[in-house]
Amino acid sequence: MAAEHVVIDLDEHGHEPAERGGITHGNVANRRNLLLQLVAAFVIGVVLGGIGVGELRDSRAQRERSSVVSLVALPESGYSGGSNSRGTVVLDGQLTLINTGPAPITIRAVQAERPGVQLRGMDKARHVRPGGTGQIRVDLQLECATAFDLEPLSVRFSVETEDKRLREVRYPVALVGSAWQEDAMRMCEPRLDS
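Residues numbered from 1 in each chain as written. Predicted model: local features only at pLDDT ≥ 70, side-chain atom pairs only at ≥ 80, totals over all residues. Heavy atoms only, no water.

(A) Region of interest: the pattern of salt bridges. Within the structure shown, the criterion is met by five salt bridges. Across the pair Arg156 and Glu168 runs a salt bridge, and its minimum N-O distance is 3.7 Å. Taken together, the positions of Arg156 in strand β8 (residues 153-160) and Glu168 in strand β9 (residues 166-173) put the pair 12 residues apart, joining distant regions of the chain. You can call Glu168 exposed: its relative accessible area is 55%. Between Arg186 and Asp183 there is a salt bridge, with the nearest N and O atoms lying 2.6 Å from each other. (Salt bridge = Lys/Arg side-chain N within 4 Å of Asp/Glu carboxyl O. Helix = DSSP H or I, 4+ residues; strand = E, 2+ residues; numbered from the N terminus. Buried < 20%, exposed > 50% of the residue type's maximum accessible area, 1.4 Å probe, protein only.)

If you want it as structure tokens, here you go:
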């Protein structure tokens, strides 16, 4: 009896791994492309986000800059006129304002009050550029006996900032030694001819 040989072809299934190997190699290339696209999208997002944050920061800085009010107020003579009635002097004076802030401002109103002193702005709105000066006419009522306290007068300003908002700002104005004190004292002195 002759022996029969059974031949099993092992290579028949050997093509599958080779094909799968090609597919796997193709998948790696596709994954690499996908990964590169994701990295590129991430980098673009970071760059655009950085630009957006920079713009936001600049916008916020501009808003903050336009809302800052910083000023100096100095009393000056400038207008004649005045009267003395029972120890009270009424003067027309001038207040010089210096805008020490970073943006233009518009002074809408000025006033101050304490025992012996009343101050009211008489001018319309006054626009003052950064680093610039402006003058405001004021009406002063000063009691000769009590007006010139060593304590500065807290003057209240209603200021419109560049962002079109009204803000209230206070600045201490020294009356002692000022031109207003000199003018008032001349009027407060008793007259010898009366």
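(B) Structural context of unusual backbone geometry. For Lys164, which is not a glycine, the phi torsion comes out positive at approximately 70 degrees. Along the chain, the position of Lys164 falls in the loop between β8 and β9.

(C) Inspection of the state of the cysteines at higher detail. Considering all chains together, one arrives at one disulfide under this definition. Here Cys144 engages in a disulfide with Cys188; their sulfurs sit 1.9 Å apart. Taking the torsion about the S-S bond as the criterion, the Cys144 to Cys188 disulfide, at about -85 degrees, is left-handed. With Cys144 in the loop between β7 (133-143) and β8 and Cys188 in helix α2 (residues 179-188), the pair connects residues that are 44 residues apart, well separated along the chain. (Disulfide = S-S within 2.5 Å.)

(D) The nonpolar core, seen in detail. Judged by nonpolar contacts, the single largest core of 32 residues is most densely connected at Leu95, Ile107, Leu119, Val155 and Phe157. Those residues in contact with Phe157, other than ones at most four positions away along the chain, are Leu71, Ala73, Leu95, Leu97, Ile107, Ala109, Val110, Arg167, Glu168, Val169 and Tyr171. (Core = buried A, V, L, I, M, F, W, Y, C linked by side-chain atoms within 4.5 Å. Contact = heavy atoms within 4.5 Å.)

(E) Region of interest: the pairing of strand β3 (residues 88-99). Bridge count for strand β1 (residues 71-76) against β3 is six bridges, and the pairing is antiparallel. Across the sheet, Leu71 pairs through a bridge with Asn99, a residue of β3. (Pairing = 2+ DSSP bridges.)

(F) The pairing of β7, seen in detail. Side-chain alternation along β7 places Gly134, Ile136, Val138, Leu140 and Leu142 on a buried face and Thr133, Gln135, Arg137, Asp139, Gln141 and Glu143 on a face that remains uncovered. As paired elements, β3 and β7 share 11 bridges and run antiparallel to each other. Paired with Val89 across the two strands is Leu142, which belongs to β7. Relative to β7, strand β5 (residues 117-121) runs antiparallel, the two sharing five bridges. Each residue of the ladder has a partner; that of Leu119, found in β7, is Leu140.

All quantities given are derived from atomic positions and should not be read as evidence of function.
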